[in-house]
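Report on the structure
The primary structure of each chain is shown beneath.
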Amino acid sequence: MRHSGQLARPYSGDSPFLYQPRVSLSQAQICGARVIGSPDTPETYRTLLRDIALINRASLPLSISVSLPAMKLMDSAIAHQLLLTVKSGQMRKRQLEVLLRDSHLAPDQSAFSARLQRLEEAGIKILLEDFGSAYASLDTLTTLPFSGVSISQAITSLHQTQGKGMLVLQSTVHMARSMGLDVIACGVQDTHGFGSLARLGCQKLEGDWISPPLTLTDFLTFAQSDKRWGGMEHAA
């Protein structure tokens, strides 16, 4: 498999977003992207919806992840915009994913859980961002309706270590998998990291070695390429 080795060109269109490609190991291909830039106004949500519509017109089964802090989702206007985005009919059910940050800061955890459940039932996947960090605690996994977790580079980079560091990484991945959660490993920097994280059981991977954040046009071109990502679990 050949690494792209190319940096994204400056964006010349009118979208404020860039897209960090994500690989699915089960599919051995690009399965989606993390949005770089947070939609926080009705106009930016309309832009995101337009981008997703363009992705779907290309007949690509790609998920799109948006990172949001918990306090944003406590804002009923933001939650309403997310629901409108899904109800527009321009995306598949569970195509949109919310990577939730700082969930411990929600003042009313019961009301927050109910809001997340409504979003899940509407077809939006909720994932815990930076699982394993100080503020993405085990408690939130047991009290909030998450479908998966993303593991930050601070944790995934421990694949380069031995002893306690590697044990922390292994335990983090194993715990999430044993709870039936999807595991996204972030910050893949080289072939060795890709292979190590694949062997540990991470189902999806992203990082600048796979591709840096791309404009929508470049992301679509990258996702439509015939590059295959299987077999890397045997990388040295």
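Below is a summary of the structure that appears in this document.

What counts, and where the lines are drawn
Throughout this description, residue numbers start from 1 for each chain and increase along the sequence as written. Confidence filtering applies because this is a predicted model: local features only for residues at pLDDT of at least 70, side-chain atom pairs given and counted only at 80 or more, and all residues used for totals across whole chains, interfaces and linings. Only heavy atoms go into the side-chain values, all of them from the structure, while hydrogens and water stay out. The criterion for an aromatic pair is that two Phe, Tyr or Trp rings (for Trp, the six-membered ring) have centres within 6.5 Å, with stacked assigned to planes under 30 degrees apart, edge-to-face to planes over 60 apart and tilted to the rest. Where helices and strands are cited, they refer to DSSP runs of H or I of at least four residues and of E of at least two residues respectively, numbered from the N terminus. Exposure categories follow from relative accessible area, calculated using a 1.4 Å probe and restricted to protein chains: below 20% of the type maximum is buried, above 50% is exposed, and the middle band is partly exposed. Here the axes come from fitting lines to C-alpha atoms, over the contacting stretch only for helices, and the angles between their N-to-C directions go from 0 to 180 degrees. Orientation labels follow simple angle bins: below 35 degrees gives roughly parallel, above 145 gives roughly antiparallel, 65 to 115 gives roughly perpendicular, and whatever is left gives oblique. By the definition used in this description, the sense in which the near helix is turned from the far one sets the handedness, with an anticlockwise turn below a right angle giving left-handed and a clockwise turn giving right-handed. Contacts between residues were defined by any pair of non-hydrogen atoms, one from each residue, lying within 4.5 Å. Only Asp, Glu, Lys and Arg are considered charged in this grouping, and only Ala, Val, Leu, Ile, Met, Phe, Trp, Tyr, Cys and Pro are considered nonpolar; every other residue, Gly among them, is considered polar. Here the rule is simple: two strands pair whenever DSSP picks up at least two bridges between them. By convention a crossover is right-handed if, when the strands point away from the viewer, the path from the first strand over the helix to the second runs clockwise. In plain words, nonpolar cores are sets of buried Ala, Val, Leu, Ile, Met, Phe, Trp, Tyr and Cys residues tied together by side-chain atoms within 4.5 Å.

All told, the structure shown has four aromatic pairs when counted by the stated rule. Here the aromatic rings of W209 and W229 are separated by 6.0 Å at their centres, their planes lie at 75°, and the arrangement is edge-to-face. Linking W209 in the loop between β8 (204-206) and α9 (216-224) with W229 in the segment after α9, this pair joins segments that are 20 residues apart in sequence. Exposure remark for W229: the relative accessible area of 1% places this residue in the buried category. Taken together, the ring pairs in this structure connect F194, W209 and W229 into an aromatic cluster.

The next subject is the packing of helix α1 (residues 42-57) against helix α3 (residues 76-87). Remark: α1 packs on α3, axes separated minimally by 10 Å, with the N-to-C direction vectors making an angle of 25°. With respect to α3, the element α1 is oriented roughly parallel. The handedness of the crossing between α1 and α3 comes out as right-handed. Residues P42, Y45 and L49 of α1 form the contact with α3, whose participating residues are I78, Q81, L82 and T85. Counted by class, the contact of α1 with α3 contains five nonpolar, two polar and no charged residues.

Here strand β6 (residues 148-151) pairs with strand β7 (residues 182-185) via four bridges, running parallel. Note that in β7 the partner of S150 across the bridge is I184. Summarising the sheet, β7 and β8 pair through two bridges and their orientation is parallel. When the sheet's bridge partners are listed, I184 is paired in β8 with K204. Since β7 and β8 lie parallel, the crossover through helix α8 (residues 191-200) that links them has a hand, and here it is right-handed.

Let us look at the nonpolar core. Looking at soluble globular proteins, one finds that nonpolar side chains tend to be buried together. Counting 61 residues, the largest nonpolar core has L73, I210 and F219 as the members making the most contacts within it. Setting aside anything within four residues of it in sequence, one finds L73 in contact with L68, I78, A79, L82, V98, L100, F112, R115, L116 and L119.

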